Amino acid sequence: METVAGTVTHDPPPAAGRQGGPLIVTEDTELLDDLLRLCAAAGATPEVHHGVPERRGRWEAAPLVLVGDDAARRVRGAARRKGVVLVGRDQDDSGVWRRAVEIGAEHVLMLPDGEQWLVDRIADVAEGVGRPALTVGVIGGRGGAGASTLACALAVTSAREGLRTLLVDADPLGGGLDVLLGGETAEGLRWPAFASSRGRVGGGALEESLPELHSLRVLSWDRGDRIAVPPQAVRAVLAAARRRGGTVVVDLPRRIDDGVAEVLTQLDVGVLVVPAELRAVAAAGRVASAVGMVLRDLRVAVRGPHAPGLDDWEVARLLGLPLAGEVPVEPGLLRPDGGAPPPGAAPRGPLARFCREFWERALVEAGAA
């Protein structure tokens, strides 16, 4: 049991992709007004009843059931199910816990303290939240290591495999990943538009607002004056992206500021791209030390050509990190005329093959395959 913002909870499993508004059961008009207001804030349309719905299956099918404390007695005989919240106001009423047990409630929530938690939960079911996105961050061991190229290739490969994919550019000084994908003029929002984001960002609204390039969505930087995006905005945007499921790929800068630290806390896997040369390994060791303070699963991807005595396994050993593999060089990406395809676009190319094998392993490890 854990108490958060006036709520005692047992964390339930995700809503497994269900969609729709919650079921509200109450005759307390003041409580109903509050619950309707919170549903509106979450973008959900509820169904309201004074007791267990007469329509067969409605109680069981609702993605979330909000039972007013006044109605606990009337739903006592209803079928036990997940996602029932008993909502009250009296913090000093110890009997509310007994009533919660009697109706099989998973949460006891007291208003107004628990309002933000409840808005988030209602929004989750309205969006049909299921398994969160597998989120991978790519970072260079030194400048010019090829991290942005690999991040783009991973995203392009993921989208080609039919996964909902979002590519996030977390480096405001990197020139913009939309440029690397050939979409600098594509319509859609860039990072500065989210600088004032607070609280919860809708996952669906975020996805629809971003440029779509090569069957994936891209959150990049524009070419205007640099605008600082506060850490809380970074947290809200990335959390919204993860709620949509599929995969999220983040291109990370080598410097770790508060915003990047927020990204690192939401990553499942980090990939450190290291050229196989001694100075690059030395520089990568410092990057790995900083990133490893936040991210537990950090792996090294080695890029050739290799210096004498530095094969992939030796680089991984020197850094003390598991080996993700060797990142192949794809000559077509280096064309000087600017007409090169985006990284990973050639399905049978060596870079796409590396990315496909990476996703196969990562998805299996995450239990998402």
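Scroll up a little and you will see the structure.
Now for a look at the structure at hand. Computed from a predicted structure; not experimentally measured.

1. Quick notes on the pairing of strand β6 (residues 84-88)
- Of all five residues that make up β6, five are buried, and the element is covered over most of its length.
- Judged by which residues are buried, β6 turns out to be covered on both faces: Val84, Leu86 and Gly88 on one side and Val85 and Val87 on the other are all buried.
- Inspection of the sheet shows strand β5 (residues 65-68) paired to β6 by four bridges, in the parallel sense. Across the sheet, the residue bridging to Leu66 is Val85, located in β6.

2. As for helix α12 (residues 350-366)
- When the terminal C-alpha atoms of α12 are compared, their 24 Å separation across 17 residues agrees well with the 24 Å that a helix rising 1.5 Å per residue should span.
- Considered for burial, the residues of α12 that qualify are Leu351, Ala352, Phe354, Cys355, Phe358, Trp359, Ala362 and Leu363. Down the axis of α12, the buried side of the element spans an arc of 155 degrees, and every buried residue falls inside it.
- Considering only its buried residues, α12 is in contact with β8 (134-140), α5 (147-160), β12 (247-252), β13 (269-275), β14 (298-303) and β15 (323-327).
- Just downstream of α12 lies Gly367, where phi reads positive at about 75 degrees.

3. Structural notes on empty space enclosed by the protein
- Inspection of the entire model under this criterion finds two cavities of 30 Å³ or more.
- Its boundaries defined by the atoms lining it, the largest cavity holds a volume of some 80 Å³.
- The set of elements that each furnish at least two residues to the lining of the largest cavity consists of β9 (165-169), α7 (203-209) and β12.
- It is α7 that contributes the most residues to the lining of the largest cavity, three residues altogether.
- Considering only residue class, the lining of the largest cavity consists of four nonpolar, four polar and four charged.

4. Topic: the packing of aromatic side chains
- The full count for this structure, using the stated rule, is two aromatic pairs.
- Here the aromatic rings of Phe358 and Trp359 are separated by 5.6 Å at their centres, their planes lie at 75 degrees, and the arrangement is edge-to-face. Residue Phe358 shares its accessibility class with Trp359, and that shared class is buried.

5. Things to note about the packing of α5 against α12
- It is at 9 Å that the axes of α5 and α12 come closest, and there the two elements cross at 70 degrees. One element, α5, and the other, α12, form an angle in the roughly perpendicular class. Considering how the two elements wind past one another, α5 and α12 form a crossing that is right-handed. On α12, the residues touching Thr149, Leu150, Ala153, Leu154, Thr157, Ser158 and Arg160 of α5 are Leu351, Ala352, Phe354, Cys355, Arg356, Phe358 and Trp359.
- Taken together, the residues of the contact of α5 with α12 sort by class into nine nonpolar, three polar and two charged.

The rules behind each value
- Residues numbered from 1 in each chain as written.
- Predicted model: local features only at pLDDT ≥ 70, side-chain atom pairs only at ≥ 80, totals over all residues.
- Heavy atoms only, no water.
- Buried < 20%, exposed > 50% of the residue type's maximum accessible area, 1.4 Å probe, protein only.
- Helix = DSSP H or I, 4+ residues; strand = E, 2+ residues; numbered from the N terminus.
- Pairing = 2+ DSSP bridges.
- Expected span 1.5 Å × (residues − 1).
- Arc of directions from axis to C-beta.
- Contact = heavy atoms within 4.5 Å.
- 1 Å grid on protein atoms, 1.4 Å probe; cavity = no way out; pocket = protein on both sides within 12 Å on 5 of 7 lines; lining within 4 Å.
- Points joined across faces, edges and corners; volume = space filled by probe spheres on them.
- Nonpolar A, V, L, I, M, F, W, Y, C, P; charged D, E, K, R; others polar.
- Phe/Tyr/Trp six-rings, centres within 6.5 Å; stacked < 30°, edge-to-face > 60°.
- Axes fitted to C-alpha atoms, helices over the stretch in contact; angles between N-to-C directions.
- Parallel < 35°, antiparallel > 145°, perpendicular 65-115°, else oblique.
- Left-handed = near helix turned anticlockwise from the far one by under 90°.

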